[in-house]
Amino acid sequence: MNPSDRDATGLLTRPDEFVQLVTPAGERRADAEYDRWVADVDTAALGRLYRDMAIVRRLDAEATALQRQGELGLWPPLAGQEAAQIGSARALRDDDFVFSSYREHAVAWCRGVGPAELLTVWRGSASSGWDPFERRMAVPQIIIGAQALHATGYAMGAAWEGSDAATIGYFGDGATSEGDVNEAFVFAASFDAPVVFFCQNNQWAISEPVGLQSKQPLARRADGFGMPGIRVDGNDVLAVLAATRSALDRARRGEGPTLIEAVTYRLGPHTTADDPKRYRTDEELAEWRERDALARVLSLLAASGVDSDGFEREVADEAGRAAAELRAAVTGIPDPEPMSVFDHVYAEPNSHLERQRDHYARYLAMFDDAAASGAEGSAR
Amino acid sequence: MNPSDRDATGLLTRPDEFVQLVTPAGERRADAEYDRWVADVDTAALGRLYRDMAIVRRLDAEATALQRQGELGLWPPLAGQEAAQIGSARALRDDDFVFSSYREHAVAWCRGVGPAELLTVWRGSASSGWDPFERRMAVPQIIIGAQALHATGYAMGAAWEGSDAATIGYFGDGATSEGDVNEAFVFAASFDAPVVFFCQNNQWAISEPVGLQSKQPLARRADGFGMPGIRVDGNDVLAVLAATRSALDRARRGEGPTLIEAVTYRLGPHTTADDPKRYRTDEELAEWRERDALARVLSLLAASGVDSDGFEREVADEAGRAAAELRAAVTGIPDPEPMSVFDHVYAEPNSHLERQRDHYARYLAMFDDAAASGAEGSAR
Amino acid sequence: MTTMTFGKALNAGLRRALATDDKVVLMGEDIGTLGGVFRITDGLKAEFGANRVVDTPLSEAGILGTAVGLAYRGFRPVVEIQFDGFIYPAFDQIVAQVAKLHYRSRGMVRMPITIRVPFAGGIGAAEHHSESPEAYFTHTAGLRVVACSNPADAYVMIQQAIASDDPVLFFEPKRRYHVKGEVDETASLADAKPLGVASVVASGTDVTLVTYGGLVQTARDAAVAAAEDGISIEVIDLRSLAPIDYATVEASVRRTGRLVVTHEAGQQGGVGAELAASVTERCFEFLEAAPVRVTGHDIPYPPAKLERHHLPDLDRILDGVDRVMGRPNSLSGVEA
Amino acid sequence: MTTMTFGKALNAGLRRALATDDKVVLMGEDIGTLGGVFRITDGLKAEFGANRVVDTPLSEAGILGTAVGLAYRGFRPVVEIQFDGFIYPAFDQIVAQVAKLHYRSRGMVRMPITIRVPFAGGIGAAEHHSESPEAYFTHTAGLRVVACSNPADAYVMIQQAIASDDPVLFFEPKRRYHVKGEVDETASLADAKPLGVASVVASGTDVTLVTYGGLVQTARDAAVAAAEDGISIEVIDLRSLAPIDYATVEASVRRTGRLVVTHEAGQQGGVGAELAASVTERCFEFLEAAPVRVTGHDIPYPPAKLERHHLPDLDRILDGVDRVMGRPNSLSGVEA
Ligand SMILES: Cc1ncc(C[n+]2csc(CCOP(=O)(O)OP(=O)(O)O)c2C)c(N)n1
Ligand SMILES: Cc1ncc(C[n+]2csc(CCOP(=O)(O)OP(=O)(O)O)c2C)c(N)n1
Ligand SMILES: [Mg+2]
Ligand SMILES: [Mg+2]
């Protein structure tokens, strides 16, 4: 291959080649294998899925605005990936455990993570926002792919304890190139770990198209490692729910891991620090807006006799209130105490760190003393 | 899975499911796909392959004996893997480049590595035995899997230079669990690198059966990464030659990488420091001896009218002479000069290291001075 | 002389290296089409093509491992690690392969690989984006480690690193990328100060203040502030962290009798430990006081709102100067 | 008291830890059926089963990464890295995850992971089998680093490390695995010397000689040899490398006024650098001479036939003692 063709590396989308239960137009497609996994999803349930997606989309937009206004240091928008995250997270049981990357805000929402908890890290006020055990969701991972191994180990432990709780590990398309993710596949298969690897193929790793990471649909990676791979329309919340439920069920039955590739798209920038115009076209963006996850659910609801306009408005209001809560919460996040910089480095007393802490406390005290003794600002 | 079943993890052999041109009994099997790659191999050529295998088997036994006699610090025997190594190495062109692990002595033999060059490292006399550019074979790799990436990078460079030389990277079944090997697959596929990944599945990674690393035949790993995978009888030198030639040809045509899994067996210990009786049975060993790589070629030669007994004796004598050379060479390997411990850390002058070298030279000089001044042994 | 930012100077240096030697190849995540998240390689892919400026898959071990293979083939790979905190997945390839191959091959295989690392903090970034991992590499035989502190050095040193036949860890203080300075793009490398030589960036007589990278400017500011207090500080920009130019440091300490070292990395086993130990060995009888280290705390890098309580700044450096001068300080106590 | 080898003492300590707490799980390559290449885990899989003593796939990052997940689940993983040189592929999981997760989670997630590393040289091994990587970890905040030097300590310290709620790098000097010593298998951990406290293994008045791991015995021999020369050496076995028990080291140096540190790892940025720098900070006015470091050279580990020219031994330690005592030595020159 002529390396200068590398720009041409495509997005490996082929929408036809994946599990889809609801078309972008909102038609329900029959699927012999996956229908049974969502047989219980009536209009009400479908409405709840829509509600989740609409609210997280609104929260995400609000957080992006908060960053623009300087209330947050950074924000990685999930816009476009609502169905992939809501469909998979709503398939989870309360006692299942989640390991995620930095973008799974909708998953956090489903785990009960509150507004302040969600924004704390991005405001730079603390290095974690919630209690991982209360939310059954680990501290989000920034080192690409590392959490895939954590999910696998957690699942191995759960199995050894005889629990039928499953673990889900979220990562992106780019992450599949990291050794950690592939080693996670090896361990999970070797130990029949009850883990679901949920890969959101949003087509881009910052500026790199998925075709640069792989020429094969990512779900195909699974077979060679000895596990099933499911490729699903990541903008079809029903299909994602079905695929994730089937994979979780397999895990609970002790049959081992599954890799799910949710084909979706990051509509926004990689983070608020990114400018996607430098590496992708408006046409591509427009094409993906056509495949919107929310619109198709509304159409389906309408087809099933729901007053979708009314419902849409109702949910929009609710989302607006949630956004207002988010905005209110951000300023309520307390600034950390200077000396807390030393907290929790170790779980047990540590002579070296205690000495360093004392020294710094004395240093800070100098300024108070100085201030007290009338000098300004500095201790000098 | 009940973890205590893990001992049962099998060897993933299934001899039926691989490319085989010569059966263990020595019958030539027709193969629509691979026959053409060895159409030129007449009895003379087959004899040469037998000769290679017989000689390296003898050299390997001699080196093992030399270790037992204290002439070498360690030796990782190749016994059982002669066909996999000779068949693949004889498929190479002179200007192809080899990256190997510590066990590819037969590959080194094919690259023209001499007896002293081969043993230097194992005698502990130097950290490398030959000129990698003269032999077109890199310094053997001990960090499991690392060389797969080196082979990929070298191949990328060759392609960028417009060369049609190919690169081959050797590693074992255990190595397929390392991130490096999987990342090598990702890079090789992404860049269509002209590299052949040659995995000798000798069923064991020290004491761990291949089934602990993977429940899938290793060649199946290839497809998910976007390259062809070939599973071949690693004890059938003709099949290995054919498979490797086809993969090299694909590389030269610029079509990218191939993964070859050569199903073979390590008849000896992992290294001379290992005791295989602790983890595998005599039955398993006996079963694999039945699939011997040399015997089947002799039978095939006999069937094609060669006086195989005479030929066997003739080659045995030649192998004996080679072994004698090896034994003679080992004692000829010079011990390194004490101060050479500082050589080649850097390619350019380094002020810190030069100072350290000077200090150590003065330190050593003390002993001479002391000796000169009549004190014994120590400078004190 | 042209005025340009630190980042632009690196870009110009890389461009010149690419133009000078067609075996130079840039590799990394997002360095091609995007020009890097810091835009250091901006425009270079368009100018030199996709096989000279290579967007790689998302795998640091893969980048370094393939760079080793490229070096075997005769290339001079210049690798970008997107942020300091992402170098660890490549640690094995760097420490066990890149650093050792020349030795292991008895000098037959060269590893002229340059590893560019935007490093250290001060930009209020998220976790893993503000690490100072340099000491891991100064402790690794076979590697050269350098850190640049200004546009002029950045422009020259990146070219020297690429031209070096030894592997070089090249640390760039990301918080200074936007600082402007004078760069002479016409100067020949031959006349440039060698990569291993330190710079005395401010001369003084009372205290030798040694640092590198992003803190060099802070140290200069400290020297100015101290001058007002009647303390004369000599500031040395190490530039090379391995090997360290002890000739320059020793000459200074023999005159001042006092050493303060400052860096963002933690104290335990940091570059300051090596410097303090070596200077004490070499200048013991000249020392008026024990060398003082002003460093980041021995903690994981804290959240953005706490980083100012982690990083050495003007006041903390001056407190260290007070310590080495035996004046009132955070440890001896302050006289109100 | 029972007489047993260093290796057997570790095996006994691991057995007791497995028996005491069913959340303790051993993981590694070849540690189950084979009992480890050094047989340290011999018999434990048969006794506790395949999900307490786990043969893992061949992947160090995989082992540490799954150990992190197991710790999240409430387990206490005890990981064996087969040889020192194979820890680097796991470096990212250790430095970016294991070390940081307690801090990152504001104390909510504990990482009570013990990482056993047969380390250092002296056994004439092949490349990558004789590394001394301890300084990489002592420079990493969030980790505890210890090294044991004798069977009695090995038996107790491995249990203390496993019981610790902080991650512990546990270095075992492989060249001492076969040394025999007295071990009290009945002693309760409660009465044992804490993990962070150093041992004065020989008392003396002229020089404080500090070391750890495999060189402790060599240092004791040096003390005996020096005594014949009329030099009284106090030998300290650090045991804990992070944090370092400075109380013990300081007390000694204040008496002797002289410090020699020795380790197999390279000098640049080694544990000796931190020790020399810290002791100088804490005891400057007590020092008669600059602290002396006797270390391996700053080179990749050499081939077997050269390792005796790399490793500190009795004579090199004594030369260091001569240096700190101002007696004729390799640097001052010898009087014939
Ligand atoms: C080990 C590591 N390398 C590089 C980075 C920098 N980085 C952050 S996000 C990202 C792209 C990730 O792409 P993908 O896995 O597809 O996830 P997405 O951001 O698209 O959700 C990169 C390269 C990192 N965080 N960690
Ligand atoms: C990174 C790393 N981990 C562990 C080891 C120790 N080790 C040496 S050989 C070996 C088994 C390798 O098995 P395989 O890849 O099947 O190759 P084989 O020895 O069977 O030829 C192991 C675990 C190593 N050399 N490198
Ligand atoms: Mg992505
Ligand atoms: Mg094997």
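Residues numbered from 1 in each chain as written. Chains lettered and ligands numbered in written order. Predicted model: local features only at pLDDT ≥ 70, side-chain atom pairs only at ≥ 80, totals over all residues. Heavy atoms only, no water.

## Observations concerning the pairing of strand 10 (residues 207-211) of chain D
All names here are of chain D. Burial runs high along strand 10: 5 of the 5 residues are buried. As paired strands, strand 10 and strand 11 (residues 233-237) are joined by 5 bridges and run parallel to one another. Paired with Leu 209 across the two strands is Val 235, which belongs to strand 11. In this fold, strand 10 hands off to helix 8 (residues 215-228), which returns the chain to strand 11; that crossover is right-handed. Here strand 10 pairs with strand 13 (residues 259-266) via 3 bridges, running parallel. Bridge pairing links Val 210 to Val 261 in strand 13. (Buried < 20%, exposed > 50% of the residue type's maximum accessible area, 1.4 Å probe, protein only. Helix = DSSP H or I, 4+ residues; strand = E, 2+ residues; numbered from the N terminus. Pairing = 2+ DSSP bridges. Right-handed = clockwise from strand over helix to strand, strands pointing away.)

## A short note on the interface of chain D and chain C
Accessible area lost upon the coming together of the parts is a frequently used measure of interface size. Each side of the interface is counted separately: chain D has 47 residues, and chain C has 48 residues. Together, the buried faces of chain D and chain C total about 4,000 Å²; carbon and sulfur atoms form 61% of this surface. The largest share of the area that chain D buries against chain C comes from Tyr103(D), Tyr136(D) and His139(D), three residues that together contribute 18% of it. Where chain D packs against chain C, one counts 8 salt bridges. Taken together, the connections running from chain D to chain C amount to 18 residue pairs in polar contact (both at pLDDT 80 or more). Elements represented by at least two residues in the side of chain D that touches chain C include exactly helix 4 (91-98), helix 5 (101-104), helix 6 (134-138), strand 12 (240-242), strand 13 and helix 10 (271-283) of chain D. With 7 residues, the single largest contributor to the side of chain D that touches chain C is helix 10 of chain D. (Contact = heavy atoms within 4.5 Å. Buried area = accessible area lost by both parts, 1.4 Å probe. Salt bridge = Lys/Arg side-chain N within 4 Å of Asp/Glu carboxyl O. Polar contact = N/O pair within 3.5 Å; in protein donor to acceptor, adjacent residues only side chain to side chain.)

## Digging into the pairing of strand 3 (residues 195-201) of chain A
All names here are of chain A. Counting buried positions over the 7 residues of strand 3 gives 7, a clear majority of the element. Burial along strand 3 is two-sided: the face carrying Val 195, Phe 197, Cys 199 and Asn 201 and the face carrying Val 196, Phe 198 and Gln 200 are both buried. One ladder, built from 6 bridges, connects strand 2 (residues 167-172) with strand 3; its direction is parallel. Its bridge partner being in strand 3, Phe 171 is matched across the sheet by Cys 199. What joins strand 2 to strand 3 is helix 7 (residues 179-190), and the crossover it makes is right-handed.

## Considering the coordination of the magnesium ion (ligand 4)
Residue and element names in this part refer to chain B. Distances from the magnesium ion (ligand 4) to its protein donors, Asp 173 (OD), Asn 202 (OD1) and Trp 204 (O), fall at 2.1 Å. Counting along the primary sequence, the residues that act as donors to the magnesium ion (ligand 4) give the motif D-x28-N-x1-W. With Asp 173 in the loop between strand 2 (167-172) and helix 7 (179-190) and Trp 204 in strand 4 (residues 204-205), the pair connects residues that are 31 residues apart, well separated along the chain. Judged by relative accessible area, which is 1%, Asp 173 ranks as buried. Judged by relative accessible area, which is 7%, Trp 204 ranks as buried. (Donors = N, O, S within 2.8 Å, 3.2 Å for Na, K, Ca; no water.)

## Notes on the sheet that holds strand 3 of chain A
Residue and element names in this part refer to chain A. Pairing is parallel in the open sheet, where 5 strands are placed in the order 1-2-3-7-6. Edge positions in the sheet fall to strand 1 (97-99) and strand 6 (229-233), since each of these pairs with one other strand and no more. Each neighbouring strand pair of the sheet contributes to a mean axis angle of 20 degrees, computed without reference to strand direction. As defined by bridge partners, strand 6 adjoins strand 7 (residues 258-263) across 5 bridges and the pair is classed as parallel. Directly across from Asp 233, in strand 7, lies its bridge partner Val 263. (Axes fitted to C-alpha atoms, helices over the stretch in contact; angles between N-to-C directions.)

## Here we look at the relation of the copies chain D and chain C
Once chain D has been moved 0.0 Å along the axis and rotated by 180 degrees, it coincides with chain C to within an RMSD of 0.0 Å. Within this description, the copies of the chain are treated as partners about a two-fold rotation axis. A symmetric contact is evident, with 100% of the interface residues of chain D recurring at the interface of chain C. (Least-squares fit on C-alpha atoms with pLDDT ≥ 70 in both.)

## Examining the sheet that holds strand 2 (residues 24-28) of chain C
Residue and element names in this part refer to chain C. The mixed open sheet is built from 7 strands, whose spatial order is 3-2-4-5-7-6-12. Each edge of the open sheet is held by one strand with a lone partner, namely strand 3 (53-55) and strand 12 (240-242). The sheet shows a mean angle of 20 degrees between the axes of neighbouring strands, direction not considered. Sheet analysis places strand 5 (residues 114-119) next to strand 7 (residues 168-173), joined by 6 bridges and oriented parallel. Across the sheet, Pro 118 pairs through a bridge with Glu 172, a residue of strand 7. Sheet strands in contact with helix 7 (residues 151-163) are strand 2, strand 4 (76-80), strand 5, strand 6 (144-147) and strand 7, and its direction is about 160 degrees off that of strand 7.

## Examining the site of ligand 2
Near ligand 2 you find 20 residues, and of these Tyr102(B), Arg103(B), Ile142(B), Asp173(B) and Glu60(D) are the closest. Close to ligand 2, residues of chains B and D are found. In the model, an oxygen atom of ligand 2 is placed 2.7 Å from a nitrogen or oxygen of the Tyr102(B) side chain. One of the side-chain N or O atoms of His270(B) is found 3.4 Å from an oxygen atom in ligand 2. Coverage of ligand 2 by the protein chains reaches 96% of its 580 Å² of free accessible surface. Of the residues contributing to the shell around ligand 2, the split by class is 10 nonpolar, 5 polar and 5 charged. (Near = heavy atom within 4 Å. Areas by Shrake-Rupley, 256 points an atom, 1.4 Å probe, with all protein chains shown as cover. Nonpolar A, V, L, I, M, F, W, Y, C, P; charged D, E, K, R; others polar.)

## Some words on the interface of chain C and chain A
Counting from both sides, the interface comprises 51 residues of chain C and, opposite them, 47 residues of chain A. Sorting the residues of chain C by area buried against chain A places Leu58(C), Lys305(C) and His309(C) first, and these three jointly supply 16% of that buried surface. If you look at where chain C meets chain A, you find 2 salt bridges. Put simply, chain C and chain A have 14 residue pairs in polar contact (both at pLDDT 80 or more) between them. Here the side of chain C that touches chain A takes 5 residues from helix 11 (residues 314-325) of chain C, the largest share from any one element. Counted by class, the side of chain C that touches chain A contains 17 nonpolar, 16 polar and 18 charged residues.

## As for the environment of Arg280(B)
Residue and element names in this part refer to chain B. Residue position: Arg 280 is located in the loop between strand 7 (258-263) and helix 11 (282-289). Separated by 67 residues in sequence, Arg 280 and Ala 347 have C-alpha atoms that sit 46 Å apart. For Arg 280, the side chain forms a polar contact with the side chain of Tyr 265, separated by 3.3 Å.

## Considerations on the side chain of Glu29(D)
For Glu29(D), the position within the fold is in the loop between strand 2 (24-28) and helix 2 (44-48). For the buried Glu29(D), no salt bridge exists, and the shortest N-O distance to an oppositely charged side chain is 12 Å, to Arg116(D). The residues contacting Glu29(D), other than those within four sequence positions of it, are Glu208(B), Asp55(D), Thr56(D), Pro57(D), Leu58(D), Ser59(D), Glu60(D), Ile63(D), Glu80(D) and Gln82(D). (Lys, Arg positive; Asp, Glu negative; His and termini not counted.)

## So, the packing of helix 1 (residues 43-68) of chain A against helix 12 (residues 293-303) of chain A
Residue and element names in this part refer to chain A. Taken N-terminus to C-terminus, the directions of helix 1 and helix 12 make an angle of 150 degrees; their axes are 10 Å apart at the nearest point. Here helix 1 is positioned roughly antiparallel relative to helix 12, judged by the angle of their axes. In this structure, helix 1 crosses over helix 12, and the sense of that crossing is left-handed. Here Thr 43, Leu 46, Gly 47, Tyr 50, Met 53, Ala 54 and Arg 57 of helix 1 come into contact with helix 12, specifically with Ala 293, Leu 294, Val 297, Leu 298, Leu 300 and Leu 301. Class assignment for the residues of the contact of helix 1 with helix 12 results in 10 nonpolar, 2 polar and 1 charged. (Parallel < 35°, antiparallel > 145°, perpendicular 65-115°, else oblique. Left-handed = near helix turned anticlockwise from the far one by under 90°.)

## Quick notes on helix 10 (residues 237-252) of chain B
Residue and element names in this part refer to chain B. Look at helix 10: 22 Å from first C-alpha to last across 16 residues, which is about the 22 Å you get at 1.5 Å a residue. Taking burial as the measure, the 16 residues of helix 10 include 13 buried ones, the bulk of the element. Between the side-chain oxygen at the start of helix 10 and the backbone nitrogen of Leu 238 there is a gap of 3.0 Å, and the oxygen is on Asp 236. Within two residues after helix 10, Gly 254 carries a phi angle of roughly 80 degrees, on the positive side. (Expected span 1.5 Å × (residues − 1).)

## Observations regarding the coordination of the magnesium ion (ligand 3)
The protein atoms that coordinate the magnesium ion (ligand 3) are Asp173(A) (OD), Asn202(A) (OD1) and Trp204(A) (O), at distances of 2.0 to 2.2 Å. Counting residues between consecutive donors of the magnesium ion (ligand 3) along the chain gives the motif D-x28-N-x1-W.

## Here we look at the packing of aromatic side chains
Here a ring pair, both rings aromatic, is described through the centre-centre distance and the interplanar angle of the planes. Scanning the entire structure with this criterion turns up 70 aromatic pairs over all chains. Residues Tyr136(C) and Tyr136(D) carry aromatic rings whose centres are separated by 6.3 Å and whose planes lie at 50 degrees to one another, so their mutual orientation is tilted. Of the two residues, Tyr136(C) is situated in helix 6 (residues 134-138) and Tyr136(D) in helix 6; the pairing between them involves two chains. Each of the two residues, Tyr136(C) as well as Tyr136(D), counts as buried. Each residue in the set Tyr88(C), Phe91(C), Phe119(C), Tyr136(C), Phe137(C), Phe171(C), Tyr88(D), Phe91(D), Phe119(D), Tyr136(D), Phe137(D) and Phe171(D) is aromatic and connected to the rest through ring pairs, giving one cluster. A cation sits over an aromatic face here: Lys23(D) above Phe75(D), 4.6 Å from the ring centre. (Phe/Tyr/Trp six-rings, centres within 6.5 Å; stacked < 30°, edge-to-face > 60°. Lys NZ or Arg CZ within 6 Å of the ring centre and 35° of its normal.)

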